[in-house]
Amino acid sequence: GNSVTQMEGPVTLSEEAFLTINCTYTATGYPSLFWYVQYPGEGLQLLLKATKADDKGSNKGFEATYRKETTSFHLEKGSVQVSDSAVYFCALYSGGGADGLTFGKGTHLIIQP
Amino acid sequence: EAGVTQFPSHSVIEKGQTVTLRCDPISGHDNLYWYRRVMGKEIKFLLHFVKESKQDESGMPNNRFLAERTGGTYSTLKVQPAELEDSGVYFCASSRTRGAHEKLFFGSGTQLSVL
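Residues numbered from 1 in each chain as written. Chains lettered and ligands numbered in written order. Predicted model: local features only at pLDDT ≥ 70, side-chain atom pairs only at ≥ 80, totals over all residues. Heavy atoms only, no water.

1. Structural notes on the state of the cysteines
Disulfides are covalent bonds that connect the sulfur atoms of two cysteines. Summed over the entire model, instances satisfying the criterion amount to two disulfides over all chains. At a sulfur-sulfur separation of 1.9 Å, the disulfide partner of C23(A) is C90(A). Here the disulfide of C23(A) and C90(A) is left-handed, its torsion about the S-S bond being about -70°. Here C90(A) lies in strand 10 (residues 86-93) and C23(A) lies in strand 4 (residues 23-26), a separation of 67 residues in the sequence. In this structure, C23(A) and C90(A) share a single accessibility class: buried. With a sulfur-sulfur separation of 1.8 Å, C23(B) is cross-linked through a disulfide to C92(B). A torsion of -65° about the S-S bond marks the disulfide between C23(B) and C92(B) as left-handed. In this pair, C23(B) sits in strand 3 (residues 19-24) while C92(B) sits in strand 9 (residues 88-95), placing the two residues 69 residues apart along the sequence. (Disulfide = S-S within 2.5 Å. Helix = DSSP H or I, 4+ residues; strand = E, 2+ residues; numbered from the N terminus. Buried < 20%, exposed > 50% of the residue type's maximum accessible area, 1.4 Å probe, protein only.)

Below, the structure is given as structure tokens:
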């Protein structure tokens, strides 16, 4: 079946540091890949997505590239801010079986001023 | 436009009791999904409604869980009787188009604690 593995954290960084959150996946077919973010007290929000190999998703300074050869979709940001503190979830949708998304466990990111 | 609304935001019950969670999707969204995150685990898909019909309930853990969406508007998820392992955060999400996960909107969740 489908699965997503991501570093669990918490990850603590200083403001303006470079961020990488690793995500690898196992899936049948050719899934679409997503990063969702959950800010404190809020629901999950789509951060970025990629639907095919070598696609790069980007939003709010975050980027992730769909790497089929390594089955990875690592999230990166060049300079994090305190406001980026949140829980980040990597997810996939393969469409061939269950209707829902397959999520990783989430990574709690803490940015210190 | 109002977002996806869930209530209660928190519920604390004792083992063996019944709890009903409610989700109001965005108006006009035919697709409604329930997910659950148990502490320290992944967010897991539970089921998917299209209007009032269950399209996929492959993620429902067992028959203590009953989801309904009468009239194709709001949905309820009832747990009866609740067990300790049912504790977690229950998320609801909605979308206008089936399979359009880039246009999926989530509620802020119901934190369920079973003591």
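2. Points about the environment of F62(A)
Residue and element names in this part refer to chain A. Tracing the chain through its elements places F62 in strand 8 (residues 62-65). Exposure remark for F62: the relative accessible area of 1% places this residue in the buried category. Sequence separation between F62 and P31 is 31 residues; the distance between their C-alpha atoms is 20 Å. Look past the residues within four positions of F62 in its chain and what remains in contact with it is L19, L47, L48, G57, L75, E76, K77, D84 and Y88. (Contact = heavy atoms within 4.5 Å.)

3. With respect to the interface of chain B and chain A
Contact with chain B, which involves 21 residues of that partner, is made by 20 residues of chain A. Ranking the residues of chain B by area buried against chain A places I43(B), H101(B) and F106(B) at the top, with a combined share of 34%. Our enumeration of links across chain B and chain A arrives at zero salt bridges. Secondary structure elements with two or more residues in the side of chain B that touches chain A: strand 4 (31-37), strand 5 (43-50) and strand 6 (53-56) of chain B. (Buried area = accessible area lost by both parts, 1.4 Å probe. Salt bridge = Lys/Arg side-chain N within 4 Å of Asp/Glu carboxyl O.)

4. Here's the deal with the nonpolar core
Ranked by internal contacts, the top residues of the largest apolar core, which has 26 residues, are W35(A), L47(A), L48(A), F73(A), L75(A) and Y88(A). Looking at this core, the elements with two or more residues in it are strand 2 (11-14), strand 3 (19-21), strand 4, strand 5 (32-38), strand 6 (44-50), strand 8, strand 10 and strand 12 (107-112) of chain A. Sorting elements by how many residues they give to this core places strand 10 of chain A first, with four residues. By size, the runner-up hydrophobic cluster in this structure holds 21 residues, among which are V4(B), I13(B), L47(B) and L77(B). (Core = buried A, V, L, I, M, F, W, Y, C linked by side-chain atoms within 4.5 Å.)

5. Here we look at the sheet that holds strand 8 (residues 75-79) of chain B
Pairing between the strands of a sheet is mediated by backbone hydrogen bonds and can be parallel or antiparallel. Residue and element names in this part refer to chain B. With respect to topology, four strands assemble into an open sheet ordered 1-3-8-7, the strand pairing being antiparallel. Looking at which strands have only one partner, the edges of the open sheet turn out to be strand 1 (5-7) and strand 7 (65-68). The mean inter-strand angle of the sheet, taken between neighbouring strand axes irrespective of direction, is 15°. Pairing geometry for strand 1 and strand 3, over three bridges, is antiparallel. (Pairing = 2+ DSSP bridges. Axes fitted to C-alpha atoms, helices over the stretch in contact; angles between N-to-C directions.)

6. What to know about the packing of aromatic side chains
Following the criterion strictly, the structure yields ten aromatic pairs over all chains and no others. The interplanar angle of 85° and the centroid separation of 6.1 Å between the aromatic rings of Y25(A) and Y66(A) together place this pair among those described as edge-to-face. Within this pair, whereas Y25(A) is found in strand 4, its partner Y66(A) is found in the loop between strand 8 and strand 9 (75-77), the two being separated by 41 residues in sequence. Each member of the pair, Y25(A) as well as Y66(A), carries the same accessibility label: buried. Geometrically, the ring pair formed by Y35(B) and F45(B) is edge-to-face, given 5.8 Å between the ring centres and 70° between the ring planes. One end of the pair, Y35(B), is in strand 4; the other, F45(B), is in strand 5, with ten residues separating them in the sequence. Across the pair, F45(B) and Y35(B) agree in class, each one buried. By the ring-pair criterion, three or more aromatic residues cluster together here, those being F34(A), Y36(A), F89(A), F103(A), Y35(B), F45(B) and F106(B). (Phe/Tyr/Trp six-rings, centres within 6.5 Å; stacked < 30°, edge-to-face > 60°.)

7. Focus on the pattern of salt bridges
All names here are of chain B. Under the definition given, this model contains ten salt bridges over all chains. A salt bridge links D86 to R36; its shortest N-O distance comes to 4.0 Å. Residue D86 is found in the loop between strand 8 and strand 9, and its partner R36 is found in strand 4; the two are separated by 50 residues along the sequence. Of the two residues, D86 and R36, neither departs from the other in class, the shared state being buried. With a shortest N-O distance of 2.6 Å, D86 and R64 are connected by a salt bridge. On the criterion of sequence distance, the pair formed by D86 in the loop between strand 8 and strand 9 and R64 in the loop between strand 6 and strand 7 is long-range, its members being 22 residues apart. For the residue pair D86 and R64, the accessibility class agrees, reading buried in each case.

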